[in-house]
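This is what each chain is made of:
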Amino acid sequence: MRIVTWLITNAIALAVATWLVGGIYFDGPTSGMAEVKQKLLPLLIVALVLGIVSAFVKPILKILSIPFILLTLGLFLLVINAAMLGLTAWILGPTGVGFHVDGFWAAVLGGIIISIVGWGIDRVWPDSDD
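If you're wondering where the values come from, they're calculated on a predicted model, not measured in any experiment. (Residues numbered from 1 in each chain as written. Predicted model: local features only at pLDDT ≥ 70, side-chain atom pairs only at ≥ 80, totals over all residues. Heavy atoms only, no water.)

**Digging into the overall build of the protein**
- Scanning the protein for helices and strands turns up 5 helices and 2 strands.
- Helices and strands appear in the protein in the N-to-C order α-β-α-α-α-β-α.
- Since a compact globule built from 130 residues should have a radius of gyration of about 14 Å, the 15 Å found for the protein is in line with a globular shape.
- Residue burial in the protein is summarised as follows: out of 130 residues, 35% are buried.
- When contacts within the protein are restricted to residue pairs at least 6 apart in sequence, long-range pairs at least 24 apart make up 72% of them.
- As presented, the protein carries roughly 8000 Å² of accessible surface, and 74% of it is formed by carbon and sulfur atoms. (Helix = DSSP H or I, 4+ residues; strand = E, 2+ residues; numbered from the N terminus. Rg over C-alpha atoms; globule rule 2.2 N^0.38 Å. Buried < 20%, exposed > 50% of the residue type's maximum accessible area, 1.4 Å probe, protein only. Contact = heavy atoms within 4.5 Å. Areas by Shrake-Rupley, 256 points an atom, 1.4 Å probe, with all protein chains shown as cover.)

Right under this line is the structure:
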């Protein structure tokens, strides 16, 4: 059950980021029920891949970039979050999922939004393990 709530949280945060940031988007219709039907499965796939990339690659990047994180007082973590979003789009590029991140600043803003929305959802919808 914990994995399902984690996936739903990531999917909601990613959906908000695609809604708010023009440079993060999915291919296909842009409104109505057709958009929901066509983009629901790709959204879940991207949320899953983003979670896996963040679980395995992000800790390694954090360790390797400790000097930059300290030098920038933690702001370099925004760059790492942007890199995770860009890496996810790059990994899924050849699969035909249709997820795109256009540029560094879109990725930074998307990473910020995903972090804030994910944190907010975790506060409202706590795990049953707590």
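The rest of the description comes next.
**Thoughts on the UniProt feature "transmembrane region" (unreviewed entry) in the protein**
- Feature annotation in UniProt assigns "transmembrane region" (unreviewed entry) to the following positions: residues 7-28, 40-61, 68-92 and 104-121.
- Note that residues 7-28 is 64% helix and 14% strand, and that its end C-alpha atoms are spaced 22 Å apart.
- Between the C-alpha atoms that bound residues 68-92 the distance is 28 Å, and the span itself is 84% helix and 0% strand. (UniProt positions renumbered as here; feature names shortened; annotations may be inferred.)

**Concerning the confidence of the model for the protein**
- Within the protein, residue pLDDT values average 88, and 96% of them lie at 70 or more.
- Mean pLDDT across the elements of the protein ranges from a minimum in helix H2 (residues 32-64), with 88, to a maximum in helix H3 (residues 66-71), with 94. (pLDDT = per-residue confidence, 0-100.)

**So, a nonpolar patch on the surface**
- Residues Met1, Val4, Ile8, Ile12, Val124 and Trp125 make up a contiguous nonpolar surface patch of about 620 Å² in total accessible area.
- In terms of residues, the nonpolar patch owes the most to one element, helix H1 (residues 2-20), which gives 3 residues.
- Its place among the elements puts Ile8 in helix H1. (Patch = residues over 30% accessible without salt bridge, like charges linked within 9 Å, V, L, I, M, F, W, Y side chains within 5 Å. Salt bridge = Lys/Arg side-chain N within 4 Å of Asp/Glu carboxyl O.)

**Focus on the packing of aromatic side chains**
- Under the criterion given, the structure shown has 3 aromatic pairs.
- Between Phe104 and Trp105, the aromatic rings sit 4.9 Å apart at their centres with planes inclined by 75 degrees, giving edge-to-face as the arrangement.
- Judged by relative accessible area, Phe104 falls into the partly exposed class, the value being 42%. (Phe/Tyr/Trp six-rings, centres within 6.5 Å; stacked < 30°, edge-to-face > 60°.)

**Some remarks on the layout of surface pockets**
- Of the volumes computed, that of the second largest pocket is approximately 300 Å³.
- Listed by contribution, the elements that provide at least two residues to the lining of the second largest pocket are H1, strand E1 (24-26) and H2.
- Examining the composition of the lining of the second largest pocket, we find that 5 residues originate from one element, H2, more than from any other.
- Considered class by class, the residues forming the lining of the second largest pocket number 7 nonpolar, 2 polar and 2 charged. (1 Å grid on protein atoms, 1.4 Å probe; cavity = no way out; pocket = protein on both sides within 12 Å on 5 of 7 lines; lining within 4 Å. Points joined across faces, edges and corners; volume = space filled by probe spheres on them. Nonpolar A, V, L, I, M, F, W, Y, C, P; charged D, E, K, R; others polar.)

**A few points about H1**
- Its 19 residues place the ends of H1 27 Å apart at the C-alpha level, agreeing with the 27 Å of an ideal helix rising 1.5 Å per residue.
- Those residues of H1 that are buried are in contact with E1, H2, helix H4 (76-92), strand E2 (99-101) and helix H5 (104-124). (Expected span 1.5 Å × (residues − 1).)

**Side note on unusual backbone geometry**
- One non-glycine residue with positive phi stands out, namely Leu73, at about 55 degrees.
- In this structure, Leu73 sits in the loop between H3 and H4.

**So, the packing of H1 against H2**
- The contact between H1 and H2 brings their axes to 8 Å, and the two run at 110 degrees. Taken together, the axes of H1 and H2 lie roughly perpendicular to each other. In this structure, H1 uses Trp6, Leu7, Asn10, Ala11, Leu14 and Ala15 to contact H2, whose residues at the interface are Leu43, Leu44, Val46, Ala47, Leu48, Gly51 and Ile52.
- Residues belonging to the contact of H1 with H2 are distributed by class as follows: 11 nonpolar, 2 polar and no charged. (Axes fitted to C-alpha atoms, helices over the stretch in contact; angles between N-to-C directions. Parallel < 35°, antiparallel > 145°, perpendicular 65-115°, else oblique.)

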